[in-house]
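This is what each chain is made of:
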Amino acid sequence: MLARAQGVSGELVLREHEGRREVIAGGVFLMDTSDGRSERLLVSGAVRPGGHVLVGGLGVGSSLQEALDAGAAHVTLVELEPALVGWHREGLLGAASAAALTDPRVELVVADVIDVLGERPGAYDAVCLDTDNGPDWLVRQENGALYGDAGLATALAALRPGGVLALWSAGPSPEFERRLRGLAGGVRREEVPVRRGEPDVVWFATAP
Ligand SMILES: C[S@@+](CC[C@H](N)C(=O)[O-])C[C@H]1O[C@@H](n2cnc3c(N)ncnc32)[C@H](O)[C@@H]1O
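Not measured: the values here are computed from a predicted model.

Scoring rules and cut-offs
Residues numbered from 1 in each chain as written. Predicted model: local features only at pLDDT ≥ 70, side-chain atom pairs only at ≥ 80, totals over all residues. Heavy atoms only, no water. Pairing = 2+ DSSP bridges. Helix = DSSP H or I, 4+ residues; strand = E, 2+ residues; numbered from the N terminus. Axes fitted to C-alpha atoms, helices over the stretch in contact; angles between N-to-C directions. Contact = heavy atoms within 4.5 Å. Salt bridge = Lys/Arg side-chain N within 4 Å of Asp/Glu carboxyl O. Buried < 20%, exposed > 50% of the residue type's maximum accessible area, 1.4 Å probe, protein only. Near = heavy atom within 4 Å. Polar contact = N/O pair within 3.5 Å; in protein donor to acceptor, adjacent residues only side chain to side chain. Areas by Shrake-Rupley, 256 points an atom, 1.4 Å probe, with all protein chains shown as cover.

(A) Representation of the sheet that holds strand β2 (residues 10-17). Within the open sheet, the 4 strands sit side by side as β1-β2-β3-β4. Their pairing is antiparallel. In this open sheet, the two strands that pair with only one neighbour each are β1 (3-7) and β4 (28-32). Across this sheet, the average inter-strand angle for adjacent strands is 20°, counted without regard to direction. One ladder, built from 5 bridges, connects β1 with β2; its direction is antiparallel. Within the sheet, the bridge partner assigned to A3 lies in β2 and is L14. Contacts from helix α3 (residues 82-89) reach β1, β2 and β3 (20-25), with the element oriented near 30° to β2.

In structure tokens:
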């Protein structure tokens, strides 16, 4: 175990396992440093150079890094857990993520992303959400509001015209996808094969 803290979602643990670093919140595996392809796709598939992107969920920092690499002009990074941000700043998740947090393009907001989305309608060219293991596998029950009809409508309303809402999941979710298609202008689904079985899924949605 590298670090432990009392977080908003219960006990937060950072540990080293088989050469990778893992973050666990309230007993639920959140993210590790082993791959990151689908977490990067979440952002590269939605962001355009020079745009303003909101990234919801810091995790181990792959999506944040992708936003900077993709040339976003302004990145609003929203993370619920202050302790996790502290571990990044201390370099416990690598030098790259510590540096990313000091990039002048990054605005760090330590808050619930559901609240931030509602405060800023029409603000973003892309909203990239990876706060859970998917709509059907939440890290905290309160996050269910993000995937409900009202939460999705709020996230779509946070987009500028032509903007893209991207959502990550550790597997398909037909019921969620059906509802998203009913609310959005258009939806594209991409899958990233992973060794553990079901592919990671990323949905890209435009406002109606
Ligand atoms: C699966 S990890 C994100 C992985 C990330 N895409 C990456 O590249 O490492 C989920 C993150 O979202 C954060 N989180 C969970 N619920 C949240 C909420 N309601 N608002 C903001 N952040 C949240 C967790 O603390 C965690 O850092």
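From this point, the discussion proceeds with the structure in view.
(B) The pairing of strand β10 (residues 186-194), seen in detail. For β10 and strand β11 (residues 197-206), the ladder comprises 8 bridges, and the chain directions are antiparallel. Residue pairing in the sheet places R189 in a bridge with W203 of β11. Here β10 folds back onto β11, and the loop between the two strands holds 2 residues.

(C) Expanded view of the pattern of salt bridges. The full count for this structure, using the stated rule, is 22 salt bridges. Residues E22 and R20 are paired through a salt bridge, measuring 3.6 Å at the closest nitrogen-oxygen approach. Judged by its relative accessible area of 22%, R20 falls in the partly exposed class. Among the ionic pairs, R120 bridges to E107, the shortest N-O distance being 3.2 Å. Residue R120 is located in the loop between α5 (113-119) and β8 (124-129), and its partner E107 is located in strand β7 (residues 106-110); the two are separated by 13 residues in the primary sequence. The class of E107 is partly exposed, set by a relative accessible area of 25%.

(D) Layout of the site of the ligand. Taken together, 22 residues sit near the ligand, with V60, S63, E79, D130 and N143 positioned nearest. Take L58: an N or O atom from its main chain is 3.3 Å from an oxygen atom of the ligand. Within the contact set of the ligand, an oxygen atom lies 3.0 Å away from a backbone nitrogen or oxygen of G59. Contact with the protein chains hides 99% of the accessible area of the ligand, taken as 610 Å² for the molecule alone. When residues of the shell around the ligand are traced back to their parent elements, those giving at least two are β4, α2 (62-69) and β6 (74-79).

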